[in-house]
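Single-letter residue listing:
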Amino acid sequence: MAAHLSYGRVNLNVLREAVRRELREFLDKCAGSKAIVWDEYLTGPFGLIAQYSLLKEHEVEKMFTLKGSRLPAADVKNIIFFVRPRLELMDIIAENVLSEDRRGPARDFHILFVPRRSLLCEQRLKDLGVLGSFIHRDEYSLDLIPFDGDLLSMESEGAFKECYLEGDQTSLYHAAKGLMTIQALYGTIPQIFGKGECARQVANMMMRMKREFTGSQNSIFPVFDNLLLLDRNVDLLTPLATQLTYEGLIDEIYGIQNSYVKLPPEKFAPKKQGDGGKDLPTEAKKLQLNSAEELYAEIRDKNFNAVGSVLSKKAKIISAAFEERHNAKTVGEIKQFVSQLPHMQAARGSLANHTSIAELIKDVTTSEDFFDKLTVEQEFMSGIDTDKVNNYIEDCIAQKHPLIKVLRLICLQSVCNSGLKQKVLDYYKREILQTYGYEHILTLNNLEKAGLLKPQTGGRNNHPTIRKTLRLWMDDVNEQNPTDISYVYSGYAPLSVRLAQLLSRPGWRSIEEVLRILPGPHFEERQPLPTGLQKKRQPGENRVTLVFFLGGVTFAEIAALRFLSQLEDGGTEYVIATTKLMNGTSWIEALMEKPF
């Protein structure tokens, strides 16, 4: 059991166990010793549900990464390919299988598609002459992976681009399937709310799937009261801004992948006297970040400016606890101290790690460039000078700063101004193409298609109306003891989270006008429950709402929803699901066309 998955109102271990059981059943189908050949992208998500020990129990002896030519030698009966349904991967698999056939002793080949089998891929294997070599061709529906006690992700890296640029609804189908699995395990969700075109599609797919499975009545008492489906393109602004929570900044600067982060090792080297700094480690320090670690759970969602004081308080408490050993006189007292030692040492190690990470982040956040960039972002978000060419952005282009940084700022300006005036947009485009190369015209075209960088139509800027009605900019933010979700961006309240907050209280009727300005339909569906399963809420008992972000979510938005869950009089606790955990950089990167 993963303890950190069961701390909240909803025990996500139930979901983890269900997907583990399905994996064990597949492995047992392939009797005898096994080697798994991994599509590299899947190793991270799989690591969250099944460690090597589980695979070992089911006779997995070797593991390889999928790459061209021959497979490494392995004395096993079965070779199993774990892959996403991608045509380019089928070519590599065929190469592996054909080179094995020439090698000698016959092996049994199997293929497991994650999350769905694909006829196109099977046809490609057939064309390459290897389809018949596979004894088992199965699918493993790993739709939603539990990351934490209140967080699920599909980790579908292309979902936003597929939905909004290519009109491909595959990831929406997987989202609907994932939600059906959630309902099978946690009961039917009585009310579904949604905003956006993709949200509408997912709700429709769920209704259709429900009609197709009419035979069996779900008799599980519902854990969730509401489901809120939100399109990423309803709120394009939030991921573009720099996140200012502790976890958000770690992700912005170093990138968190499947709850692990890789950090520069020199900050974590044990300091020895008279070493003169030689023999510093060269391999990146890899740390797992989730709420299983007490200190991280406490500081992850705080504004970075409030983290230092927590760390110094913790340091005092820990050193006072270690000092206690001098007061332990009797055998009983000594025994009690020794029993607490492992926990105290773990706390000290955790504190040392997070102090080092905070120092690394502080080096970035106190730099002049970080301050200049943040100032420009905050001016745009509060509605200052959004309609003319920005001097800081001009300087960044002239000094050839990283292209993604420039694109994030220009897209932010465009979104905060409901599109840019044509001459401003043309100027930015010309400068980018002349400085960074004409191959980026495809990327600019993608950003325009996605609605991130576009000309203002109808000559009207709707953003001030949205900003004022939804109170998206707060001037007096208390970063140490926040009273509003705007603390996660030091002034800007994420639009997506504000919609969730207003839905819970007083309801969306109060903001009909703004909902009409934002893209896509808004809707409400009810799923009737059998009489015995209707909830009678106890006085003071909170509702539980599952918020599903279609197209990705940032750690700052997650922090804002956790803040709302913890409010004394909030009345709602949130569980978050998404197609992908992302930040502005990884988002823009996914929309960039790789130059040939």
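The structure this text deals with has already been given above.
All values reported here derive from a predicted model rather than from experimental measurement.

1. So, the environment of Ile318
Okay, so step 1: With respect to the helices and strands, the residue Ile318 is situated in helix α11 (residues 307-323).
Okay, so step 2: Sequence-distant contacts of Ile318, that is, excluding residues within four places in its chain, are made with Ala347, Arg348 and Leu351.

2. A few points about the packing of aromatic side chains
Okay, so step 1: Considering all chains together, one arrives at 16 aromatic pairs under this definition.
Okay, so step 2: Consider the rings of Phe81 and Phe134, whose centres lie 6.1 Å apart with planes at 75 degrees: the pair is edge-to-face. Of this pair, Phe81 sits in strand β3 (residues 78-83) while Phe134 sits in strand β5 (residues 134-139), and the two are 53 residues apart along the sequence. The same class applies to Phe81 as to Phe134, namely buried.
Okay, so step 3: Centre to centre, the rings of Phe160 and Trp587 are 5.2 Å apart; their planes meet at 80 degrees, and the pair counts as edge-to-face. One end of the pair, Phe160, is in helix α6 (residues 159-164); the other, Trp587, is in helix α22 (residues 584-591), with 427 residues separating them in the sequence.
Okay, so step 4: A relative accessible area of 5% means that Phe160 is categorised as buried.
Okay, so step 5: You can call Trp587 buried: its relative accessible area is 3%.
Okay, so step 6: For Arg200, the ring lying beneath its charged end belongs to Phe523, and the centroid distance is 4.1 Å.

3. Examining the pattern of salt bridges
Okay, so step 1: Taken as a whole and assessed by the stated rule, the structure comprises 34 salt bridges.
Okay, so step 2: Close ionic contact of Lys161 with Glu593 constitutes a salt bridge, the shortest N to O distance being 3.3 Å. On the criterion of sequence distance, the pair formed by Lys161 in helix α6 and Glu593 in the segment after α22 is long-range, its members being 432 residues apart.
Okay, so step 3: According to the relative accessible area criterion, Glu593 is partly exposed, its value standing at 29%.
Okay, so step 4: Note that Arg408 and Glu252 form a salt bridge whose closest N and O atoms lie 2.9 Å from each other. You can see Arg408 sitting in helix α15 (residues 403-416) and its partner Glu252 sitting in helix α9 (residues 246-253), a full 156 residues away along the chain.
Okay, so step 5: When its relative accessible area of 7% is taken as the criterion, Arg408 is described as buried.
Okay, so step 6: Using a relative accessible area of 16% as the deciding quantity, one classes Glu252 as buried.

4. Points about α15
Count 3.6 residues to each turn of an α-helix, and residues three or four apart come out pointing the same way.
Okay, so step 1: The terminal C-alpha atoms of α15, which comprises 14 residues, lie 20 Å apart, in line with the 20 Å expected from a rise of 1.5 Å per residue.
Okay, so step 2: Of all 14 residues in α15, 14 are buried; the element is thus mostly enclosed.
Okay, so step 3: Positioned one or two residues after α15, Ser418 has a phi angle of 50 degrees, which is positive.

Rules used in this analysis
- Here, residues in each chain are numbered from 1, in the same order as that chain's written sequence.
- Local features in a predicted model are, by the rule used here, given only for residues with pLDDT of at least 70; side-chain atom pairs are given and counted only at 80 or more, and totals for whole chains, interfaces and linings are based on all residues.
- The side-chain quantities take in all heavy atoms of the structure and omit both hydrogens and water.
- Counting from the N terminus, the helices are DSSP H or I runs at least four residues long and the strands are E runs at least two residues long.
- The contact criterion used throughout is that any non-hydrogen atoms of two residues lie within 4.5 Å.
- Pairing of aromatic side chains requires ring centres within 6.5 Å, counting the rings of Phe and Tyr and the six-membered ring of Trp. Pairs whose planes differ by under 30 degrees are stacked, by over 60 edge-to-face, and all others tilted.
- Note on classification: 1.4 Å probe, protein chains only; a residue is buried when its accessible area is under 20% of the maximum for its type, exposed when over 50%, partly exposed between these limits.
- Either the NZ atom of lysine or the CZ atom of arginine qualifies as a charge over a ring when it sits within 6 Å of the ring centre and within 35 degrees of the ring normal.
- One speaks of a salt bridge when a side-chain nitrogen belonging to Lys or Arg is within 4 Å of a carboxyl oxygen belonging to Asp or Glu.
- Take the residue count of a helix, subtract one, and multiply by 1.5 Å to get its expected span.

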